Structures are given as structure tokens and as C-alpha cells.
Amino acid sequence: MRRSDMDELELLMDEDPAEAVVLARRICGEIPSDADAWGWLADAHIASGQFDEALAALAEYVRRDPDWIEAYAQRAGLMAELGRFDAAAIELEVGRALDSESPRLVRAEALCLELQGKLQEADALYDKAETLDPAEEAPTRFDRSKARQAIQGVLRQVAKSGLKLTAVVEEVPKKGTAKKLLSRQLELQDEKTLVVYLRNLERELTGDAEIEDLAELFEDRLAELVDAN
């Protein structure tokens, strides 16, 4: 792929994901044998929230480069996002056959366990991934009582503008009630009840984050949710 195409795709994924998909599809049509082109198409679909399409693009990638272990880790994460844990386990198994100590693969397995509610096992694997590669930093974990206080503090401030909500704090979404388990951070259960998925927020924060950072992230996500509704 040309460097100019990659630069344009990076820009479009931030500013106009739908156009990024259009461009990436055109590039795949022009150079279908280039595995990287299909990887870019997968990234564009992910930016657009099109996870099934991203899985299909990654399948095309591994057809051309079956040894790229990160593709299996990425596919496992996408399948976990959609609640397809059995399929995610197969991707992880294929990846482990290539490299059982891949930090990216270990982190993907941690994510899959976390979204199934296996929190202690997940945290152990997050720590292992970070040990294998410090760049795979384990998510921040806040004291739960302090996290709830921070969330309630934001809601008290928001209530001054007339938006009065009661927060229910859960670790991750339940598979039976949500299709997208990873990207779902806040959800309006009804007009007065907000569900906060704490681990999905924590996963965005670095190891040196403080409780104030959690509160700021929550406030930003709440504003986005209110605007969308």
C-alpha cells in the first residue's frame, strides 16, 4: 500500500469512518493480494462500528498471511464484543499454536474472560500481558467505593442542569442484555436510571490514572450519551 493511502485512511477513520470504509474497499479492489489492505479495511469497519464486516476483512487478511498472530487476537476481541465466546476461543487457540506467549494474544484472552464475568482470571492475564510487554499495560483498577463516589459526584453536578439520574454500577454488560459487550460503557435503563459499566471505562485509562480521570471520562461519556438521545 502507498504511504499516502495509509495517511488518508488514518485521517478518515477519525473524521469520517464511512468514507474510510469506501476508500479501503477501493484499495482492496485494486490490490486484493495485499494482506495489509484488508487489515486497513478491518480497521475502517471497526471505526464505523461494523464488527461483522471487520471480521470478514480480517478473514481475508489471514487467508493471505496466516501467520499474523495479531489478526487472531483482533478477531477474538471482536467476537467477544459480539458475545461469540466459543468462536473467540477458537481464534485464541489458533493464535496460541503460533505463539503461546504473544502479549497481544494474552491480552485478548483476558478481554474475553472479562466480558464473561471471569474477573479474577482476566486480571491475572492482563498482568501477564504487561509482564511480557510493558506496552500492553493492564487496565487501571479503582477502589469500587471511590469509583461509585466519583460517578455520583458527576451526577450531582449534572443534576444542577436539570438532568437527574440514578446510577447503577456494574462491572461489564451481561451477555443476555447487550449485543456489544466491549464498547458499551453507559446505558440508559429508563428515563431516570443510568447503568455504568465500570471495567469498560477503566480499560481506557492508563496505569497512572487517578480517580479524577475516571470522573472526567465518565462525564465525557455521559455528555455523548445525552447528545445521542
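Above this text sits the structure in question.
All of the points below concern the structure found in this document. In this text, all values refer to a predicted model and were calculated from it rather than measured experimentally. (Residues numbered from 1 in each chain as written. Predicted model: local features only at pLDDT ≥ 70, side-chain atom pairs only at ≥ 80, totals over all residues. Heavy atoms only, no water.)

## Details of the overall build of the chain
Link 1 in the chain: The number of helices and strands found in the chain is 11 helices and 3 strands.
Link 2 in the chain: Mapped from its N terminus to its C terminus, the chain presents α and β elements in the order α-α-α-α-α-α-α-α-α-β-β-β-α-α.
Link 3 in the chain: Over its C-alpha trace the chain gives a radius of gyration of 19 Å, about what one expects of a compact globule, namely 17 Å for 229 residues.
Link 4 in the chain: C-alpha atoms of the chain, sized along the principal axes, occupy 55 × 35 × 35 Å. (Helix = DSSP H or I, 4+ residues; strand = E, 2+ residues; numbered from the N terminus. Rg over C-alpha atoms; globule rule 2.2 N^0.38 Å.)

## Things to note about helix α6 (residues 85–98)
Link 1 in the chain: For α6, spanning 14 residues, the distance from its first C-alpha to its last is 20 Å, which sits close to the expected 20 Å at 1.5 Å a residue.
Link 2 in the chain: The set of residues buried in α6 consists of Phe 85, Ala 88, Glu 91, Leu 92 and Gly 95. Down the axis of α6, the sector holding all buried residues measures 115 degrees, keeping them to one side. What points out from α6, more than 90 degrees from its buried face, is the exposed set Asp 86, Ile 90, Glu 93 and Ala 97. (Expected span 1.5 Å × (residues − 1). Buried < 20%, exposed > 50% of the residue type's maximum accessible area, 1.4 Å probe, protein only. Arc of directions from axis to C-beta.)

## Re the nonpolar core
Link 1 in the chain: Judged by nonpolar contacts, the single largest core of 51 residues is most densely connected at Leu 9, Leu 41 and Leu 115.
Link 2 in the chain: Look past the residues within four positions of Leu 115 in its chain and what remains in contact with it is Ala 80, Glu 81, Phe 85, Val 172, Pro 173, Leu 181, Leu 182, Asn 200 and Arg 203.
Link 3 in the chain: Core analysis: the second largest hydrophobic core is formed by 23 residues, Ala 150, Val 169, Val 196 and Leu 217 among them. (Core = buried A, V, L, I, M, F, W, Y, C linked by side-chain atoms within 4.5 Å. Contact = heavy atoms within 4.5 Å.)

## Here we look at the environment of Glu 91
Link 1 in the chain: Mapped onto the elements of the fold, Glu 91 is located in helix α6.
Link 2 in the chain: For Glu 91, a relative accessible area of 11% gives the class buried.
Link 3 in the chain: Distance from Glu 91 to Ala 71, taken between C-alpha atoms, is 9.0 Å for residues 20 residues apart in sequence.
Link 4 in the chain: Residue contacts for Glu 91: discarding those within four places in its chain leaves Tyr 72, Arg 75, Ala 76 and Met 79.

## Quick look at the pattern of salt bridges
Link 1 in the chain: Inspection of every chain in the model, using the stated rule, returns 24 salt bridges.
Link 2 in the chain: The closest approach of N and O atoms between Glu 91 and Arg 75, which form a salt bridge, is 3.1 Å. On the criterion of sequence distance, the pair formed by Glu 91 in helix α6 and Arg 75 in helix α5 (residues 69–81) is long-range, its members being 16 residues apart. Here Glu 91 and Arg 75 have matching classes, each one buried.
Link 3 in the chain: In this structure, Glu 101 and Lys 128 form a salt bridge, with 3.5 Å as the shortest nitrogen-oxygen distance. Of the two residues, Glu 101 sits in the loop between α6 and α7 (103–115) while Lys 128 sits in helix α8 (residues 119–132), which places them 27 residues apart along the sequence.
Link 4 in the chain: With relative accessibility at 37%, the residue Glu 101 sits in the partly exposed group.
Link 5 in the chain: In this structure Lys 128 comes out as partly exposed when scored by relative accessible area, which is 32%.
Link 6 in the chain: Salt bridges sharing common partners tie together Glu 114, Asp 123, Arg 141, Arg 144, Glu 171, Arg 199, Glu 202 and Arg 203. (Salt bridge = Lys/Arg side-chain N within 4 Å of Asp/Glu carboxyl O.)

## Side note on the packing of α7 against α8
Link 1 in the chain: Viewed as axis vectors pointing N to C, α7 and α8 meet at an angle of 165 degrees, and their least axial separation amounts to 8 Å. Between α7 and α8, the interaxial angle falls into the category roughly antiparallel. The hand of the α7/α8 crossing is left-handed. Taken together, the residues of α8 that come into contact with α7 (itself represented by Pro 103, Val 106, Arg 107, Glu 109, Ala 110, Leu 111, Leu 113 and Glu 114) are Leu 119, Glu 121, Ala 122, Leu 125, Tyr 126, Lys 128, Ala 129 and Leu 132.
Link 2 in the chain: Looking at the contact of α7 with α8, its residues break down into 11 nonpolar, no polar and 5 charged. (Axes fitted to C-alpha atoms, helices over the stretch in contact; angles between N-to-C directions. Parallel < 35°, antiparallel > 145°, perpendicular 65-115°, else oblique. Left-handed = near helix turned anticlockwise from the far one by under 90°. Nonpolar A, V, L, I, M, F, W, Y, C, P; charged D, E, K, R; others polar.)

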